[in-house]
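Structure at a glance
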Amino acid sequence: MILFAGDPHGSFIHLYPFLQDNENPALIILGDLQLTSVAELDKLAQYCDLWFIHGNHDSKTVAAFEALWGTEWKTRNLHGKVVKIQSKRIAGLGGVFRGQIWMPPNKPLFFDPIHFCQYCPPEKLWRSGIPLRHRTSIFPSDIEHLATQQADILICHEAPKPHPSGFAVLNELAEKMGVQQIYHGHHHENFNYSSSQHSCNYQIINVGFRSLCDEKGQYLSIGIDDR
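The following paragraphs examine the structure supplied in this document. All values reported here derive from a predicted model rather than from experimental measurement.

This part is about the overall build of the chain. Tallying secondary structure elements over the chain gives six helices and ten strands in all. The C-alpha atoms of the chain give a radius of gyration of 17 Å, which matches the 17 Å a tight globule of 227 residues would have. In terms of principal-axis extent, the alpha carbons of the chain reach across some 50 × 40 × 35 Å. Sorting the 227 residues of the chain into buried and exposed places 53% on the buried side. For the chain, the exposed surface amounts to about 10,500 Å²; the carbon and sulfur share of it is 50%. On the chain, the mean spot of the 19 positive side-chain charges and the mean spot of the 23 negative ones are 4 Å from each other.

Here strand β6 (residues 153–156) shows two buried faces, one formed by Ile153 and Ile155 and the other by Leu154 and Cys156. Once the chain exits β6 it traverses helix α6 (residues 168–177) before rejoining the sheet at strand β7 (residues 181–184), and the crossover so formed is right-handed.

Once their charged atoms are close, side chains differing in charge can pair, the charge on each being opposite to the other. Counting across every chain of the model gives three salt bridges. The closest approach of N and O atoms between Arg127 and Glu66, which form a salt bridge, is 2.5 Å. Here Arg127 is found in the loop between α4 (113–119) and α5 (140–146), whereas its partner Glu66 is found in helix α3 (residues 62–69), with 61 residues between them in sequence. According to the relative accessible area criterion, Glu66 is partly exposed, its value standing at 26%.

What follows concerns a nonpolar patch on the surface. Taken together, Tyr219, Ile222 and Ile224 make up a surface patch of nonpolar side chains, about 310 Å² in accessible area. Judged by relative accessible area, Ile224 falls into the exposed class, the value being 66%.

With that out of the way, let us pick up the nonpolar core. Membership of the largest hydrophobic core comes to 29 residues, with the highest contact counts inside it found for Leu93, Ile143, Leu170, Val179 and Ile182. Put simply, the parts of the chain that give this core at least two residues each are β5 (88–93), α5, β6 and α6. For this core, the element with the most residues is α6, which contributes five residues. Apart from the residues within four sequence positions on either side, Val179 is in contact with Ala151, Asp152, Ile153, Leu154, Ala174, Asn201 and Tyr202. Core analysis: the second largest hydrophobic core is formed by 19 residues, Leu3, Leu15, Ile29 and Leu50 among them.

This next bit is on unusual backbone geometry. Omega for the peptide link from Pro104 to Pro105 comes to 10 degrees, which places this bond in the cis form. Along the chain, Pro105 turns up in the loop between β5 and α4. Each neighbour pair has its own omega, and for Lys161 with Pro162 the value is 10 degrees, a cis peptide bond. Of note, Ser87 is a non-glycine position whose phi angle comes to about 75 degrees, a positive value. In this fold, Ser87 is placed in the loop between β4 (82–85) and β5. Residue classification places Ser87 among the exposed residues on the basis of a relative accessible area of 57%. Positive phi, normally seen in glycine, also occurs at Arg127, with a value near 50 degrees.

We now examine the state of the cysteines. Scanning the model with the defined rule gives zero disulfides in all. Cys120 forms no disulfide, and the closest cysteine sulfur to it belongs to Cys117, at a distance of 6.3 Å.

Residue pairs spaced three or four apart in an α-helix point in one direction, given the helix's 3.6 residues per turn. When α3 is considered as a whole, its buried residues turn out to be Ala64, Phe65, Ala67 and Leu68. Buried residues along α3 cover an arc of 160 degrees about the axis, so they all sit on one side. Tucked into the core, α3 has its buried residues touching α2 (39–44) and β3 (49–52).

Cut-offs and rules
Residues numbered from 1 in each chain as written. Predicted model: local features only at pLDDT ≥ 70, side-chain atom pairs only at ≥ 80, totals over all residues. Heavy atoms only, no water. Helix = DSSP H or I, 4+ residues; strand = E, 2+ residues; numbered from the N terminus. Rg over C-alpha atoms; globule rule 2.2 N^0.38 Å. Buried < 20%, exposed > 50% of the residue type's maximum accessible area, 1.4 Å probe, protein only. Areas by Shrake-Rupley, 256 points an atom, 1.4 Å probe, with all protein chains shown as cover. Lys, Arg positive; Asp, Glu negative; His and termini not counted. Charge placed at Lys NZ, Arg CZ, Asp CG, Glu CD. Right-handed = clockwise from strand over helix to strand, strands pointing away. Salt bridge = Lys/Arg side-chain N within 4 Å of Asp/Glu carboxyl O. Patch = residues over 30% accessible without salt bridge, like charges linked within 9 Å, V, L, I, M, F, W, Y side chains within 5 Å. Core = buried A, V, L, I, M, F, W, Y, C linked by side-chain atoms within 4.5 Å. Contact = heavy atoms within 4.5 Å. Disulfide = S-S within 2.5 Å. Arc of directions from axis to C-beta.

Treat this as a map of the structure, not an account of what it does.
Structure (structure tokens):
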């Protein structure tokens, strides 16, 4: 069984009952883990085959960034990859669109991180590369790289259309990759795509704040963001 977890924002306790009740589950977290260390990842991995993509909150602090990119856990980030997990080819696109780089449908200002760094003032660079904030920004090169591959499922942090805050470029990517499902996080309300007017050859599931879905797109747990 493959389980898809919406934005945990630092709390993972709601996941354990489902992981303990299933044999050899794979868990894919759809961004905004918002960690301070790798301790929670190490604990979760005792109960499942653990994967994730990053969200915008995962570069808000150095500690959050280091937990995902500064340890061996970086190999479990599905961003920019297609990985076969329990017979499903799963493609990952982490991060968010930001106007300083690219806010579709507008034209991008920069194609890739190298291009951005060429025009970024040296004092704003971080560790000789793009600023920490933009380590979770989506570049056109990310989309272009994935568009050459095929997958069964696309996971992303941002939403596609017809979500009110969605991006058609993600629908275009899904069509090029031939996916059957899109799972995304970021929006905490568990948007109901089945009641919206859209025509496509794939299912879209918004796994909201501290929510959990199975590989059929069925909610096992729905969290409420009361913040």
